Amino acid sequence: MTAEEVTNGQQAMEGDDITLKKDGGVLKLVKKEGTGTELPMTGDKVFVHYVGTLLDGTKFDSSRDRGEKFSFELGKGQVIKAWDLGVATMKIGEVSQFICKPEYAYGSAGSPPKIPPNATLVFEVELFEFHGEDVTEDEDGGIIRRIITKGQGYSKPNEGAAVEVNVEGKFEERVFDQRELKFEVGDGESLGLPPGVEKAIMAMEQGEESLFTIMPKYGYGNAGNAKFNIPPGATLQYKVKLSAFEKAKESWEMNTAEKLEQSAIVKEKGTQYFKEGKFKQASVQYKRIVSWLEHESGLQQEDEQKARALRLAAHLNLAMCYLKMQEHSLALENCDKALELDDSNEKALFRRGEALCAMKEFERARADFQKVLQLYPANKAAKAQVAVCQRQIKEQHEKDKRLYANMFQKFAERDAKKEAEKVKEVKSENGGGVDMEENAVQEETAA
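Before going into details, it helps to say that this report is about the structure given with it. (Residues numbered from 1 in each chain as written. Predicted model: local features only at pLDDT ≥ 70, side-chain atom pairs only at ≥ 80, totals over all residues. Heavy atoms only, no water.)

**Let's talk about the packing of aromatic side chains**
Okay, so step 1: Counted according to the given criterion, the structure contains 13 aromatic pairs.
Okay, so step 2: Measuring from centroid to centroid gives 5.8 Å for Y50 and F70, while their planes differ by 80 degrees, and the two rings are edge-to-face. On the criterion of sequence distance, the pair formed by Y50 in strand β4 (residues 45–54) and F70 in strand β6 (residues 70–73) is long-range, its members being 20 residues apart.
Okay, so step 3: You can call Y50 buried: its relative accessible area is 6%.
Okay, so step 4: Judged by relative accessible area, which is 29%, F70 ranks as partly exposed.
Okay, so step 5: Seen in terms of ring centroids, Y220 and F228 are 6.5 Å apart; in terms of plane orientation they differ by 40 degrees. Their pairing is tilted. Take Y220 and F228: they sit in the same class, and that class is buried.
Okay, so step 6: One Lys or Arg, K69, reaches over the ring of F128 and ends 4.7 Å from the middle of that ring. (Phe/Tyr/Trp six-rings, centres within 6.5 Å; stacked < 30°, edge-to-face > 60°. Helix = DSSP H or I, 4+ residues; strand = E, 2+ residues; numbered from the N terminus. Buried < 20%, exposed > 50% of the residue type's maximum accessible area, 1.4 Å probe, protein only. Lys NZ or Arg CZ within 6 Å of the ring centre and 35° of its normal.)

Printed below as a string of structure tokens:
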């Protein structure tokens, strides 16, 4: 423990120097010990209460007075330097005092009107909870990152980037995968990496080492992984270090000739994946063609024809991939885009019919198969599918008839029941009068 007196004699500054430079810029004094051993990491979202005062004791801010905890992402520059340093040293439940010199607070500018220039500040902070950063696009909690070592720069790998990584996969306490790999983002699944690892890598900076918690949706899903002895529905832990990477060129960085050349290359790559039954990896390649060529305009006639042919092939192949993966709405979407390029394309019409069949839209599917037969009479598969659709439509009509018949029967039974209840209610209101009249008639007849 160190101690030094403030020169104006207002307050003793005491605590441990927690700055990297050991320049006395942030002094920490623990007032209440926390629990456990885990500390928050860079990028974690932390939740705290704080009270901020000047050296003379004047309070300038307090989350406690507002009755609402304050949260921020640690180490991201969202708060003053002293806070990023100080909160990173705290445990859950800990209460600490931080004395912060101007260069670790608001500097020579201060923060008018409450904080004057060159002010040394005192914060009392209590840490309640922290959790990792969600790096999924939908923020669905499927991939949570905790940064062990912060990377450099702001650039991150993109789809198709060449990366060099060290990975360590754990299930529960067992390390099942430990490798040093070089590959292109999009090819990871062919190396046995779960899709969440590639998504995680695309959130990293060069030199970064992070721990990722990957939920089943982004891991090996309901199938598990026999090679690594991972059961269905397993949550995985991956420690990843991104040693180096080279970004793939973005669309705006390439001229037309480069886009056409690269599209032809990835088309062949996608076809190879498709032949191997790796439909997800194949779809990644075909989507790159679409992203490069979809908005190209003003091309020379020859280039326009090449681009159109590549886009058409990409959408047709994407439709086939999505059919194989049973993602029928995406298959339908890509068939529609292929038909925008060629409204009588045999494969697009047939595959759209297949997608509609899988979605149980048999009348629309039949129309597509009939159009295939009209344009390409030799297509025996389309003829067979028309028969399948007609059978399904007939079965659906029969099912609907039975359903409506049962429905009308239930309505009739319900109405009869209501009528009987109504009669019973009338009898009850009349004190059984109807029965008495009937009895009287019977007695008179008997006499």
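**Describing the side chain of N158**
Okay, so step 1: Positionally, N158 belongs in the loop between β10 (143–149) and β11 (162–171).
Okay, so step 2: With a relative accessible area of 10%, N158 lands in the buried category.
Okay, so step 3: Non-local contacts of N158, meaning those with residues more than four positions away in its chain, are made with V185, M202, K247, A248 and E250. (Contact = heavy atoms within 4.5 Å.)

**Some remarks on the nonpolar core**
Okay, so step 1: Within the largest apolar cluster, 39 residues are counted, with the highest numbers of intra-cluster contacts made by Y286, I289, L293, C357, A365 and F369.
Okay, so step 2: Considering every element that reaches this core, the biggest residue donor is helix α6 (residues 301–324), with nine residues.
Okay, so step 3: Apart from the residues lying within four places of it in its own chain, the contact partners of A365 are G353, L356, C357 and C389.
Okay, so step 4: Of all hydrophobic cores here, the second largest spans 29 residues; its members include I143, V167, I201 and Y218. (Core = buried A, V, L, I, M, F, W, Y, C linked by side-chain atoms within 4.5 Å.)

**Focus: helix α8 (residues 346–358)**
Okay, so step 1: For α8, built from 13 residues, the straight-helix expectation of 18 Å at 1.5 Å per residue is met to within 8% by its first-to-last C-alpha distance of 19 Å.
Okay, so step 2: For α8, the full list of buried residues reads A348, L349, F350, R351, R352, G353, A355, L356 and C357.
Okay, so step 3: Within two residues after α8, K360 carries a phi angle of roughly 65 degrees, on the positive side. (Expected span 1.5 Å × (residues − 1).)

**Remarks on the environment of E340**
Okay, so step 1: With respect to the element layout, E340 can be found in helix α7 (residues 328–341).
Okay, so step 2: Since its relative accessible area comes to 65%, E340 is described here as exposed.
Okay, so step 3: With 28 residues separating them along the chain, E340 and L312 place their C-alpha atoms 9.2 Å apart.

**What about the packing of helix α5 (residues 279–293) against α6?**
Okay, so step 1: The interhelical angle for the contact between α5 and α6, taken along N-to-C directions, is 150 degrees, at an axis separation of 9 Å. On the basis of their axis angle, the class for α5 and α6 is roughly antiparallel. Handedness of the α5/α6 crossing: left-handed. Across the interface between the two elements, F279, A282, S283, Y286, K287, I289, V290 and L293 of α5 pack against A307, L310, R311, A314, H315, N317, L318, C321, Y322 and K324 of α6. (Axes fitted to C-alpha atoms, helices over the stretch in contact; angles between N-to-C directions. Parallel < 35°, antiparallel > 145°, perpendicular 65-115°, else oblique. Left-handed = near helix turned anticlockwise from the far one by under 90°.)

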